[in-house]
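Observations on the three-dimensional arrangement
Here is what each chain is made of, one letter per residue.
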Amino acid sequence: MTASATLALSTKDLKKRYGSQVALDGLNLEVPTGIVYGFLGPNGAGKTTTMRLLTGLIRPDQGAIYLMGESFTGANRQLLYNVGALIESPSFYPHLSARDNLRVIGASGKAVTRSRVEEMLELVGLRDRARDKVANYSLGMRQRLGIAVALLNDPALLLLDEPANGLDPAGIVGLRDTLKNLAASGKTVFISSHILPEVQQMADIIGIVAAGRLVSQGPLDELLATQAIVRVKVTPAESAKALELLSALAGDGHVSITDAGGAWLTVRTAAERSTEVNRVLAQAGIFAAGLEAGSDLESLFLQLTQPTAPEQPAGPYAGWYAGAAR
Amino acid sequence: MTLVLAGIRKFNTRTATLVSLLVAVVLVVIEFVVVGAAYRAAPNDPNNGLTKDTVTWLLTFPGLIDAVLSITFGFGSLIALIYVAVAAGSEWTWGTLKIAVARGESRRNYALATFASLSLILGAGLAIMFLVGIASAVAGGLIAGLPMGTLDGPTLGGALAKLVRAWIALVGLASVAYAVSMIAKSQMAGVGTVIGLFIASTIVTLIPVIREIFKYLPFSTSSDAVGFGSQPGTSLGAASLDPNVALVVTIAWLIGLLAIAAIATERAEIKG
């Protein structure tokens, strides 16, 4: 069974449980060839489970995975010869040098030449430290080495879990350029990340997963355009009246109170309508203490992964609690 | 073969490998030198149990070959069990198995190749321990003031054959540790279990009914398979099973335990 040849990666109704815990509940991904795909989701949404399934570390309870158009069942593990992966924290033999780690790791799966090992050390900027034991490496250096491992096979599909984790600013810029260049050369890059601005700068397409399901997927620009918002801050005493006025402006169900104090209202409407929002409130004698307009990825992410605002405790941990609840 | 060589590269530079070998070698050296020194200090003292016959068997040719093999195997087997359990468990805890699988490597091949690498490391370690043991026994004999004895061709040939059997037996025993660690996916679980089994193996021999069953289990068959010569007139080193039968049973256990390790790796969900 095959999937569309233009898709480097796709999943169909992918399900996975750990005991009674549902990790994935019918995930349908479609990742075209030659792009950078940002895979986003809150903690526990199923991102790492997806990565493990895509690399055959665990098996799905139900559903199908297609890699480069071919059904991946685990029995045809050779499909992974064309996949490079960095899953969770990079793993190495701490007593070996970076060079020896790449050589030992390169002995598994698709054969890797010594010159390719040197090429990768050069690419990730570890050539000068290639003889040092990995046990003495910093988090960022380990991450660089992890990226070198992922690229070792010159894969057509790259699966990276939080690739910028621990990298310094220069490393992040270098990573971004490398991944964009790889996509430009026809390879496909699938990035799972929490660093939303980073993904926003790199990704052509994003998929947002929440509670094991894909809640949104598509070209970044289109998603941001459809999810544009205007946020306005009023006093808590005026929030009910403001909600009524803005609902009349934007339509029922397009306005919500998005913080526990009731002071911030989110209006789902084009950013250009922010002046209109301000004018409607001002005409009713409600003067905005704050006004934000935009279509940033963070707002989109929060809207899609937090359907209802949870009750929050007061105090310094209120914000953290909200994040944890998501 | 590439995986086996890569396995040797990753194991032979590991501190645990060098420390394990050093500990085993030191124990063997101490054993023979102390016996030689104790005998010299008090020859035929009934309180230390070192009669001239015993010391001659331990420290002079041809008896010392069996004595060295027996003591080398005795110390080496416990250290090898712990070492293999740690090495196998670290593939899970370090996440290096995860990388190999994600690169499309066969889990079964990886598990078997890793064990093959460990087996070759154990073989090298055993050979080093044996040679150091021979040298230590000779030194112990000189300290004790005993003549070296004679080492003829057939004795040397027999020694090499027994060394090969000892290696197979050691690998058979190590497969217990390997299987436990691969099933448990953990260094600590593997080490704890094999130490427990090792201690239990010495206790159960006190109970006759269990001893009859136990003689077919790896801890017993592996030592019987070497075919250690026993000291004349004593039960020291005496086997429960015929060496050839024990060797066949040991190899059967080895194959079975490796199959279990491979199947466990094949079916495992790899996380972390």
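Just so it is clear, the model here is predicted, and its values are computed rather than measured. (Residues numbered from 1 in each chain as written. Chains lettered and ligands numbered in written order. Predicted model: local features only at pLDDT ≥ 70, side-chain atom pairs only at ≥ 80, totals over all residues. Heavy atoms only, no water.)

**A short note on the interface of chain B and chain A**
Facing 29 residues of chain B, the contacting portion of chain A comprises 35 residues. Of the roughly 2,700 Å² buried at the junction of chain B and chain A (both faces included), carbon and sulfur atoms supply 53%. Where chain B meets chain A, there are 2 salt bridges. Between Asp 100 of chain A and Arg 9 of chain B there is a salt bridge, and its shortest N-O distance comes to 2.9 Å. Our count for the chain B to chain A interface comes out at 19 residue pairs in polar contact (both at pLDDT 80 or more). (Contact = heavy atoms within 4.5 Å. Buried area = accessible area lost by both parts, 1.4 Å probe. Salt bridge = Lys/Arg side-chain N within 4 Å of Asp/Glu carboxyl O. Polar contact = N/O pair within 3.5 Å; in protein donor to acceptor, adjacent residues only side chain to side chain.)

**Considerations on a nonpolar patch on the surface**
Residues and elements named next belong to chain B. Together, Ile 195, Ile 199, Ile 203, Leu 206, Ile 207, Val 209, Ile 210 and Ile 213 make up a nonpolar patch on the protein surface, roughly 740 Å² of accessible area in all. When contributions to the nonpolar patch are tallied by element, the ones reaching two or more residues are α8 (187-203) and α9 (208-214). Looking at where Ile 213 falls in the secondary structure, it is placed in helix α9. The exposure class of Ile 213 is exposed, given its relative accessible area of 54%. (Patch = residues over 30% accessible without salt bridge, like charges linked within 9 Å, V, L, I, M, F, W, Y side chains within 5 Å. Areas by Shrake-Rupley, 256 points an atom, 1.4 Å probe, with all protein chains shown as cover. Helix = DSSP H or I, 4+ residues; strand = E, 2+ residues; numbered from the N terminus. Buried < 20%, exposed > 50% of the residue type's maximum accessible area, 1.4 Å probe, protein only.)

**So, helix α2 (residues 98-106) of chain A**
Residue pairs spaced three or four apart in an α-helix point in one direction, given the helix's 3.6 residues per turn. Most of α2 of chain A sits inside the fold, with 7 of its 9 residues counted as buried. Every buried residue of α2 of chain A is accounted for by Ala 98, Arg 99, Asn 101, Leu 102, Val 104, Ile 105 and Gly 106 of chain A. Turning to α2 of chain A, the residues buried within the fold contact α3 (114-123) and α4 (139-151) of chain A together with α1 (2-12) and α5 (96-102) of chain B.

**Details of the pairing of strand β5 (residues 62-67) of chain A**
In regular strands, side chains alternate between the two faces of the sheet. All names here are of chain A. Bridging between strand β1 (residues 7-18) and β5 involves 5 bridges; their strand directions are antiparallel. Across the sheet, Lys 15 pairs through a bridge with Gln 62, a residue of β5. Pairing geometry for β5 and strand β6 (residues 70-71), over 2 bridges, is antiparallel. Counterpart to Leu 67 in the pairing with β6 is Glu 70. Here β5 folds back onto β6 in antiparallel fashion, the turn holding 2 residues, of which Met 68 has a positive phi close to 50°. (Pairing = 2+ DSSP bridges.)

**Description of the environment of Thr 226 of chain A**
Secondary-structure assignment places Thr 226 of chain A in helix α7 (residues 220-226). Sequence-wise, Thr 226 of chain A and Val 209 of chain A are 17 residues apart; in three dimensions their C-alpha atoms are separated by 17 Å.

**What about the sheet that holds strand β11 (residues 213-219) of chain A?**
Residues and elements named next belong to chain A. The 6 strands lie next to each other as β7-β8-β9-β4-β10-β11, forming an open sheet whose pairing is mixed. The sheet is open, and its two borders are formed by β7 (83-86) and β11, each paired with just one other strand. Here the average twist between neighbouring strands, direction ignored, is 15°. Relative to strand β10 (residues 205-210), strand β4 (residues 36-40) runs parallel, the two sharing 4 bridges. When the sheet's bridge partners are listed, Tyr 37 is paired in β10 with Ile 205. The sheet contacts of α4 involve β7 and β8 (157-161), and relative to β7 the element is tilted by about 160°. Contacts from helix α10 (residues 297-305) reach β4, β10 and β11, with the element oriented near 35° to β10. (Axes fitted to C-alpha atoms, helices over the stretch in contact; angles between N-to-C directions.)

**Details of the nonpolar core**
Counting 114 residues, the largest nonpolar core has Leu 67, Leu 159 and Phe 190 of chain A together with Phe 32 and Tyr 178 of chain B as the members making the most contacts within it. The dominant element in this core, judged by the number of residues it contributes, is helix α4 (residues 63-93) of chain B, at 16 residues. Setting aside its immediate chain neighbours within four residues, Leu 159 of chain A contacts Leu 9, Met 51, Leu 54, Thr 55, Val 83, Gly 84, Ala 85, Leu 86 and Phe 190 of chain A. Ranked by size, the runner-up nonpolar core spans 35 residues in total, among them Val 134, Ala 150, Ala 164 and Val 189 of chain A. (Core = buried A, V, L, I, M, F, W, Y, C linked by side-chain atoms within 4.5 Å.)

**Things to note about the packing of aromatic side chains**
Here a ring pair, both rings aromatic, is described through the centre-centre distance and the interplanar angle of the planes. All told, the structure shown has 4 aromatic pairs over all chains when counted by the stated rule. Aromatic side chains Phe 39 of chain A and Phe 190 of chain A sit 5.0 Å apart centroid to centroid with 35° between the ring planes, which places their arrangement in the tilted category. Within this pair, whereas Phe 39 of chain A is found in strand β4, its partner Phe 190 of chain A is found in strand β9 (residues 188-192), the two being separated by 151 residues in sequence. For the residue pair Phe 39 of chain A and Phe 190 of chain A, the accessibility class agrees, reading buried in each case. Consider the rings of Tyr 93 of chain A and Trp 94 of chain B, whose centres lie 6.0 Å apart with planes at 85°: the pair is edge-to-face. Residue Tyr 93 of chain A is found in the loop between β7 and α2, and its partner Trp 94 of chain B is found in the loop between α4 and α5; the two belong to separate chains. For Tyr 93 of chain A, a relative accessible area of 3% puts it in the buried group. We classify Trp 94 of chain B as partly exposed; its relative accessible area is 23%. Here the aromatic cluster, defined as three or more aromatic residues joined through ring pairs, consists of Tyr 37, Phe 39 and Phe 190 of chain A. Just above the ring of Trp 264 of chain A sits the side chain of Arg 231 of chain A; from NZ or CZ to the centre is 4.6 Å. (Phe/Tyr/Trp six-rings, centres within 6.5 Å; stacked < 30°, edge-to-face > 60°. Lys NZ or Arg CZ within 6 Å of the ring centre and 35° of its normal.)

**As for the domain arrangement of chain A**
All names here are of chain A. For chain A, the domain assignment lists domain 1 (7-218) and domain 2 (226-305). With centres defined by C-alpha atoms, the gap from domain 1 to domain 2 works out at 38 Å. Summed over both partners, the interface of domain 1 with domain 2 buries about 760 Å², with 85% contributed by carbon and sulfur atoms. Broken down residue by residue, the surface that domain 1 buries against domain 2 is led by Leu 196, Gln 200 and Ile 208, which jointly contribute 53%. Between domain 1 and domain 2 we count 0 salt bridges in total. (Domains from an automatic or database assignment.)

**A word on the packing of helix α2 (residues 15-41) of chain B against helix α3 (residues 52-59) of chain B**
Residues and elements named next belong to chain B. Running from N to C, α2 and α3 cross one another at 145°; their axes reach a closest spacing of 11 Å. At the point where α2 passes α3, the crossing takes the left-handed sense. Contact residues: α2 offers Phe 32, Val 35, Gly 36 and Tyr 39, while α3 offers Lys 52, Val 55, Leu 58 and Leu 59. For the contact of α2 with α3, the residue count by class is 6 nonpolar, 1 polar and 1 charged. (Left-handed = near helix turned anticlockwise from the far one by under 90°. Nonpolar A, V, L, I, M, F, W, Y, C, P; charged D, E, K, R; others polar.)

**Some words on the confidence of the model for chain A**
Residue and element names in this part refer to chain A. For chain A, per-residue confidence averages 86 on the pLDDT scale, and residues scoring 70 or more make up 91% of the total. Every residue in residues 308-314 scores below 50 in pLDDT, and together they form 10 contacts with partners more than four places removed in sequence or on other chains. The model gives residues 318-326 a pLDDT under 50, and that stretch makes 12 contacts with residues more than four places away or in other chains. (pLDDT = per-residue confidence, 0-100.)

**Observations concerning the environment of Pro 60 of chain A**
All names here are of chain A. Looking at where Pro 60 falls in the secondary structure, it is placed in the loop between α1 (47-54) and β5. With relative accessibility at 32%, the residue Pro 60 sits in the partly exposed group. Placed 123 residues apart in sequence, Pro 60 and Ala 183 show a C-alpha to C-alpha distance of 28 Å. When sequence neighbours within four positions are dropped, the list of residues in contact with Pro 60 reads Leu 14, Lys 15, Lys 16 and Leu 53.

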